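Remarks on the overall topology
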Amino acid sequence: MSNCDNKRRILVIDDSEAIHTDFRRILGSEQRKGQDDLDLLEEALFGANPSRGDSSSDPEFEVDSAFQGQEGLSKVRAALETGQTYSLVFLDYRMPPGWNGAETLRRLRQVAPSIRVVLCSAYSDYSWESMLKEFGQSHLLKELRKPFNGQEVRQLVLNLTEQQGDAHSPA
């Protein structure tokens, strides 16, 4: 599989620049390079670990940013039009002064009904149960509480983007 085929596009919709920076740091190639360096050091000290997979086969992520719900919706529409769809969207619950996460998700579902979305916030204006009741399909909707752990985010992204195929492509 070529690098291009192995790249998974992630859209972060959040009003905080720091959150976008965190996602790029967690999912970027520099994070993988640093992990590879640690793996080599561990192997040199303790020998090969047969239970560890080959990290070079991990997918690469392309992280795109939107700072408001309207901008995020425009990016999802453009991605659908060009055939370069997003594998996953991280969506903040609160993004003043524009749409909140629930309104943005409603609009995203209209244009890309099966796109996987992870709702993120330190607090919630909605209960998780009410979100699931309104949007259903819990395999397409997850929740991540801030502050989040980098390893947790990376594992969540790997799991959610691995499960999908082209489920989010338009019919």
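The rules behind these values
Residues numbered from 1 in each chain as written. Predicted model: local features only at pLDDT ≥ 70, side-chain atom pairs only at ≥ 80, totals over all residues. Heavy atoms only, no water. Axes fitted to C-alpha atoms, helices over the stretch in contact; angles between N-to-C directions. Helix = DSSP H or I, 4+ residues; strand = E, 2+ residues; numbered from the N terminus. Parallel < 35°, antiparallel > 145°, perpendicular 65-115°, else oblique. Left-handed = near helix turned anticlockwise from the far one by under 90°. Contact = heavy atoms within 4.5 Å. Nonpolar A, V, L, I, M, F, W, Y, C, P; charged D, E, K, R; others polar. pLDDT = per-residue confidence, 0-100. Phe/Tyr/Trp six-rings, centres within 6.5 Å; stacked < 30°, edge-to-face > 60°. Core = buried A, V, L, I, M, F, W, Y, C linked by side-chain atoms within 4.5 Å. Buried < 20%, exposed > 50% of the residue type's maximum accessible area, 1.4 Å probe, protein only. Pairing = 2+ DSSP bridges. Salt bridge = Lys/Arg side-chain N within 4 Å of Asp/Glu carboxyl O.

**Comments concerning the packing of helix α4 (residues 69-82) against helix α5 (residues 101-111)**
- Where α4 meets α5, the axes come as close as 10 Å, and the angle between the chain directions of the two elements is 15 degrees. One finds that α4 runs roughly parallel with respect to α5. As for how α4 packs across α5, the hand of that crossing is right-handed. Across the interface between the two elements, Gly69, Leu73, Val76, Arg77 and Leu80 of α4 pack against Thr104, Arg107, Leu108 and Val111 of α5.
- Residues belonging to the contact of α4 with α5 are distributed by class as follows: five nonpolar, two polar and two charged.

**Structural notes on the confidence of the model for the chain**
- When pLDDT is averaged across the chain, the result is 82; 73% of the residues are at 70 or more.
- Averaged pLDDT values over the elements of the chain bottom out at 52 in helix α1 (residues 3-6) and peak at 98 in α4.

**Section: the packing of aromatic side chains**
- Evaluation of the coordinates by the stated rule reveals two aromatic pairs.
- Aromatic pair phenylalanine 23 and phenylalanine 90: ring centres 4.4 Å apart, planes at 40 degrees, arrangement tilted. On the criterion of sequence distance, the pair formed by phenylalanine 23 in helix α2 (residues 17-27) and phenylalanine 90 in strand β3 (residues 88-92) is long-range, its members being 67 residues apart.
- Relative to phenylalanine 148, the ring of phenylalanine 23 has its centre 5.1 Å away and its plane inclined at 45 degrees; by these criteria the two rings are tilted. Of this pair, phenylalanine 23 sits in helix α2 while phenylalanine 148 sits in the loop between β5 (141-145) and α7 (150-164), placing them 125 residues apart in sequence.

**Some remarks on the nonpolar core**
- With 23 residues, the main nonpolar core has Ile13, Val76, Val89, Leu91 and Leu105 as its most contacted residues.
- Elements supplying a minimum of two residues to this core: β1 (7-13), α4, β3, α5, β4 (117-121) and α6 (128-135).
- Excluding anything up to four places from it in sequence, leucine 105 contacts Leu91, Val117, Leu119, Met131, Phe135 and Leu141.

**Section: the sheet that holds β3**
- Within the open sheet, the five strands sit side by side as β2-β1-β3-β4-β5. Their pairing is parallel. Edge positions in the open sheet fall to β2 (60-66) and β5, since each of these has one partner strand only. Sheet twist, expressed as the mean angle between neighbouring strand axes with direction ignored, is 20 degrees.
- Where β3 meets β4, four bridges bridge the pair, whose relative direction is parallel. By the bridge assignment, leucine 91 is partnered in β4 with leucine 119.
- In the packing of α5 onto the sheet, the strands contacted are β1, β3, β4 and β5, and the crossing angle to β3 comes to about 150 degrees.

**So, the pattern of salt bridges**
- According to the stated counting rule, one finds 10 salt bridges in the structure shown.
- The salt bridge involving arginine 106 is made with glutamate 103; its shortest N-O contact spans 3.0 Å. Taken as a pair, arginine 106 and glutamate 103 lie in helix α5 at a separation of three residues, close to a single helical turn.
- What makes glutamate 103 partly exposed here is its relative accessible area of 22%.
- Its salt-bridge partner being arginine 107, residue glutamate 103 comes within 2.6 Å of it at the nearest N-O pair. With a gap of four residues between them, glutamate 103 and arginine 107 both fall in helix α5, about one helical turn apart.
- Relative accessible area serves as the criterion here: at 30%, arginine 107 is assigned to the partly exposed category.
- Several salt bridges share partner residues, and in doing so they unite Arg9, Glu62, Asp64 and Lys75 into one network.

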